[in-house]
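Breakdown of the fold
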Amino acid sequence: MSYKSGRHFLQIPGPTNVPDRVLHAMSYPTIDHRGPDFKALGAEVLEGIRPVFGTTNPVIIFPSSGTGAWEAALVNTLSPGDRVLMFETGHFATLWRNMAQRLGFDPELVDSDWRHGVDPAAIEKRLVADTGHQIKAVAVVHNETSTGVTSRIAQIREAIDRANHPALLLVDTISSLGSIRYEHDAWGVDVTVAGSQKGLMLPPGLGFNAVSDKALAAARDAAQPRSYWDWEEMMGPNESGFFPYTPATNLLYGLREAINMLNEEGLDNVFARHDRHAEATRRAVRAWGFDIVCENPEEYSSALTAVLVPDDVDPDALRRLILEDFDMSLGAGLSKLAGRAFRIGHLGDFNDLTLAGTLSGVEMGLQRAGVAYQPGGVQAALDYLAAPEAARAQSR
Ligand code: PLP
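All chains use their own residue numbering, which begins from 1 and follows the written sequence. Local features in a predicted model are, by the rule used here, given only for residues with pLDDT of at least 70; side-chain atom pairs are given and counted only at 80 or more, and totals for whole chains, interfaces and linings are based on all residues.

Focus: the overall build of the protein
Selection rule: Here a helix means four or more residues in a row that DSSP labels H or I, a strand means two or more in a row labelled E, and each is numbered from the N terminus. Only C-alpha atoms enter the radius of gyration; for comparison, a globular chain is expected to reach 2.2 Å times N to the power 0.38, where N is the number of residues. Exposure in this text rests on C-beta crowding, where 20 or more other C-beta atoms within 10 Å of a residue's own make it buried, 12 or fewer make it exposed, and counts in between make it partly exposed. The C-beta atoms are placed from the backbone. It is the C-beta atoms, placed from the backbone, that decide contacts: two residues are in contact if theirs lie within 7 Å.
A count of helices and strands for the protein gives 16 helices and 14 strands. Against the compact-globule benchmark of 21 Å for 396 residues, the protein has a radius of gyration of 21 Å, which places it among compact chains. Reported as C-alpha extents along the three principal axes, the dimensions of the protein are approximately 60 × 55 × 45 Å. When each of the 396 residues of the protein is scored for burial, the buried share is 51%. Relative to all contacts within the protein whose residues are 6 or more apart in sequence, the contacts with residues 24 or more apart total 73%.

Spelled out as structure tokens, the structure:
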């Protein structure tokens, strides 16, 4: 392997490019996790992370991937055999369903076509029919990373309320938190699941649960056996700053820095930046003559764009060429979309020129791979990015 000059473009939809400030913060020596310095760090990140979730309630941080945080959400709120209503937005919703099944719950997955988000009307209809309140939780993915479709969580909450149903609302924000507007408290979410490696701009390794009072009350009655994931002990750090077992100290240094960066930019600006880069990406994709997997403009993801390719194009060969020739990683089509799509991640630590480079890499790849496409996608994106703010808003 020879040295590849310049920065690798990690344009999969997470893990994302980790900014230098976060890398430097993580390089401090590991400290005693029972000592006074750790207490201050623990207290600072546990307090500082709450606004990122849009909550004033506690957030629990596990040394884990997002999958661990998924498991924590289920095992703390449910009892063996409990029914969970889920919605097949794509690969990750299906994996969460599989996990619920393996853990001994009774998940019910509403089918969908992988091109739309959760249908609030379908949730409402199912809950209205559940007169005996067998369904204990509705568990959905906010931003389906396999399709680039963002579900409307506030409308799902309204659907649950209209059905007058007591089910808990569990939401996976693993690829949306810190990139796409999200309001744990205002949207009445009971458990929000997140991970460190996407909008939070950290390496993989931290899993999060934001918890409502209703979720904490449910946890007191939930009979599912649990140990590592048990919230009870993990609530301790929210009081004392100390974790019950060895925390991922250096990732927490990184988290402190990432929270500072999000606050310096301002969360509203972070979300607007992601919206703008997503719109520029969609303009490029349309100009190339390709379809976007997401069919409903209200559900376009601002974190990634999944691109459908014509039948005669092998998206994995295209991704391989782009990696080898231009040192950029793009996301593969997953399960039902394998061989039919590729995904462009535009989330995390990202600016206009990173997007320009990303889209240039794709367009050069299309050309070099001999794919039939319309040139001009990059130009369409640049025209949008270069336009003054007012012109951009009008042309949306
Ligand atoms: N949910 C979503 C929406 C994801 O995008 C991912 C990973 O990409 C997961 C869950 C699983 O998280 P992890 O791979 O960190 O365990």
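Re the site of the ligand
What counts, and what does not: The C-beta atom of each residue is placed using the backbone, and any residue whose C-beta lies within 6 Å of a molecule or strand is treated as near it. Gly is placed with the polar residues, together with every amino acid not listed as nonpolar (Ala, Val, Leu, Ile, Met, Phe, Trp, Tyr, Cys and Pro) or charged (Asp, Glu, Lys and Arg).
Around the ligand sit G14, S65, G66, T67, F92, V141, T145, D172, I174, S175, G195 and P204, and those are all the residues in its vicinity. Per-class residue counts for the shell around the ligand are 4 nonpolar, 7 polar and 1 charged.

Some thoughts on the sheet that holds strand β5 (residues 135–141)
Rules: Two strands qualify as a pair provided that DSSP identifies no fewer than 2 bridges between them. Every angle, taken between N-to-C directions, lies between 0 and 180 degrees, and every axis is a line fitted to C-alpha atoms, over only the stretch in contact when it is a helix.
Pairing within the open sheet is mixed, and its 7 strands lie in the order β2-β10-β9-β8-β5-β3-β4. At either margin of the open sheet sits one strand with a lone partner, and together these are β2 (59–63) and β4 (106–110). Strand-to-strand twist in this sheet, taken as the mean axis angle between neighbours without regard to direction, amounts to 20°. Bridge analysis of strand β3 (residues 83–87) against β5 gives 4 bridges, and the strand direction is parallel. Each residue of the ladder has a partner; that of M86, found in β5, is A139. In this fold helix α4 (residues 66–77) packs onto β2, β5, β8 (168–172), β9 (191–195) and β10 (206–211), with an angle of close to 160° to the strand it touches most, β9.

Comments concerning the UniProt feature "domain: Aminotransferase class V" (unreviewed entry) in the protein
Where we set the bar: UniProt positions are given in the numbering used here, feature names are shortened, and annotations may be inferred rather than shown by experiment.
Mapped onto this numbering, the UniProt entry annotates "domain: Aminotransferase class V" (unreviewed entry) at residues 11–319. Secondary structure across residues 11–319 divides into 42% helix and 16% strand, with the first and last C-alpha atoms of the span separated by 11 Å.

Here we look at the domain arrangement of the protein
Filter applied, for reference: Domain delimitation in this document rests on an assignment produced automatically or drawn from a domain database.
Splitting the protein by domain gives domain 1 (9–15 + 266–395) and domain 2 (20–264). For domain 1 and domain 2, the distance between their C-alpha centroids amounts to 27 Å. Only α12 (267–288) and β12 (304–308) provide two or more residues apiece to the side of domain 1 that touches domain 2. Looking at the side of domain 1 that touches domain 2, the element that brings in the most residues is α12, giving 4 residues. Of the residues in the side of domain 1 that touches domain 2, the class split is 14 nonpolar, 8 polar and 5 charged.

Side note on helix α13 (residues 315–326)
Quick reminder of the rule: Here a helix's expected span is defined as the number of its residues, less one, multiplied by 1.5 Å. The arc in question is the one traced by the directions running from the helix axis out to the C-beta atoms.
Its 12 residues give α13 an end-to-end C-alpha distance of 16 Å, which sits within 8% of 16 Å, the value for a rise of 1.5 Å per residue. Where α13 is concerned, the buried positions are P315, L318, R319 and I322. Buried residues in α13, looked at end-on, bunch into an arc of 100°, giving them a common side. On the buried face of α13, the contacting elements are β13 (328–332), β14 (341–345) and α14 (352–369). Of the residues trailing α13, D327 is marked for its positive phi of about 55°.

Structural notes on the sheet that holds strand β11 (residues 291–292)
The 5 strands lie next to each other as β1-β13-β14-β12-β11, forming an open sheet whose pairing is mixed. Here the strands that pair on one side only, and so sit at the sheet edges, are β1 (9–11) and β11. Of the pairings in the sheet, the one linking β1 to β13 comprises 3 bridges and is parallel in character. When the bridges of β13 are listed, F9 appears paired with M328.

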